Amino acid sequence: MLYKIIADIIVVIHFIWIIFMLLGFFLTIFGFFRKNFFDLWLFRTLHLSGILFVGILTLLRRFCPLTILENLSRVRYNPETTYPGSFIIHYIEKLVYPDVNQLFLRTGTVFVAVFTLVVYIIRPPSKIKKLLTKKV
């Protein structure tokens, strides 16, 4: 039972991670219209690091570590499970692992990663910009 609970917790964390990546992307787009977004250096730096990590995994055709951990936990719980997780987890899994063409997901992920990196370079957070332009 412990492994089933662990797998369910991992799915929820994975879902929160995806929401963070998508939220960061949309905030980056809307940030062009609101200067104060570009001052959120910690949020932007964490988002950039995360989306670059996901983009690299995508290009290398590797699975997300959260997916691997979840699958290992499910197998240790019961490899024959037909309805993994609870009712809520069942529907969150459909959002985390949508039934769409993998090329679509890979292309979208790489696009978001490149877009976020370009925006970060063009409009770096004020704190980072100050550190880079500070005279030694």
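1. Quick word on the overall build of the chain
Working step 1: Regarding its fold elements, the chain presents six helices and zero strands.
Working step 2: When the elements of the chain are put in sequence order from the N terminus, they spell out α-α-α-α-α-α.
Working step 3: Burial analysis of the chain (136 residues in total) assigns 32% to the buried set.
Working step 4: Of the contacts formed within the chain by residues at least 6 apart in sequence, a portion of 77% connects residues at least 24 apart.
Working step 5: Accessible surface, the chain as shown: approximately 9,600 Å² in total, 73% of it carbon and sulfur.

2. Some details on the pattern of salt bridges
Working step 1: Per the stated rule, a full pass over the model turns up three salt bridges.
Working step 2: Note that Lys4 is salt-bridged to Asp8, the shortest N-O span being 3.6 Å. With a gap of four residues between them, Lys4 and Asp8 both fall in helix H1 (residues 2-31), about one helical turn apart. For the pair Lys4 and Asp8, one class covers both residues: buried.
Working step 3: In this structure, the salt-bridge partner of Arg74 is Glu70, at a minimum N-O distance of 3.0 Å. Of this pair, Arg74 and Glu70 are both found in helix H3 (residues 65-77), four residues apart, which corresponds to roughly one turn of the helix. Take Arg74 and Glu70: they sit in the same class, and that class is buried.
Working step 4: The network of salt bridges with shared partners includes Lys4, Asp8, Glu70 and Arg74.

3. Digging into the nonpolar core
Working step 1: The biggest cluster of nonpolar side chains holds five residues, and these are Met21, Phe25, Ile51, Val112 and Ala113.
Working step 2: Looking at this core, the elements that each hand over two or more residues are H1 and helix H5 (102-122).
Working step 3: Dropping the residues within four chain positions of it, Ile51 is found in contact with Met21, Val112, Ala113 and Thr116.

4. Brief notes about the environment of Asn101
Working step 1: Within the secondary structure, Asn101 is located in the loop between helix H4 (87-96) and H5.
Working step 2: Residue classification places Asn101 among the exposed residues on the basis of a relative accessible area of 52%.

5. Here we look at unusual backbone geometry
If a residue is not glycine, its phi is most likely negative; likewise, a peptide bond is most likely trans.
Working step 1: Residue Arg61 is not a glycine yet carries a positive backbone phi of 55°.
Working step 2: With respect to the element layout, Arg61 can be found in the loop between helix H2 (41-59) and H3.

6. Side note on the confidence of the model for the chain
Working step 1: Per-residue pLDDT for the chain averages 82, and the proportion of residues at 70 or more is 88%.
Working step 2: H4 is the least confidently modelled element of the chain, averaging 64 in pLDDT, while H2 averages 91, the highest of any element.

7. So, the packing of H1 against H2
Working step 1: Axis separation between H1 and H2 bottoms out at 10 Å; the angle between their running directions is 115°. Like other packed secondary-structure pairs, H1 and H2 cross with a definite hand, here left-handed. Contacts between H1 and H2 involve Trp17, Phe20, Met21, Gly24, Phe25 and Leu27 on the former and, on the latter, Phe43, Leu46, His47, Gly50, Ile51 and Val54.
Working step 2: For the contact of H1 with H2, a count of residues per class yields nine nonpolar, three polar and no charged.

8. Notes on H1
Think of an α-helix as 3.6 residues a turn; residues three or four steps apart then line up on the same face.
Working step 1: Taking 1.5 Å per residue, 30 residues should reach 44 Å; H1 reaches 42 Å between its end C-alpha atoms and fits that length.
Working step 2: When we look at burial in H1, the residues that qualify are Lys4, Ala7, Asp8, Ile10, Val11, His14, Met21, Gly24, Phe25, Thr28 and Gly31.

Reading the values: the criteria
- Residues numbered from 1 in each chain as written.
- Predicted model: local features only at pLDDT ≥ 70, side-chain atom pairs only at ≥ 80, totals over all residues.
- Heavy atoms only, no water.
- Helix = DSSP H or I, 4+ residues; strand = E, 2+ residues; numbered from the N terminus.
- Buried < 20%, exposed > 50% of the residue type's maximum accessible area, 1.4 Å probe, protein only.
- Contact = heavy atoms within 4.5 Å.
- Areas by Shrake-Rupley, 256 points an atom, 1.4 Å probe, with all protein chains shown as cover.
- Salt bridge = Lys/Arg side-chain N within 4 Å of Asp/Glu carboxyl O.
- Core = buried A, V, L, I, M, F, W, Y, C linked by side-chain atoms within 4.5 Å.
- pLDDT = per-residue confidence, 0-100.
- Axes fitted to C-alpha atoms, helices over the stretch in contact; angles between N-to-C directions.
- Left-handed = near helix turned anticlockwise from the far one by under 90°.
- Nonpolar A, V, L, I, M, F, W, Y, C, P; charged D, E, K, R; others polar.
- Expected span 1.5 Å × (residues − 1).

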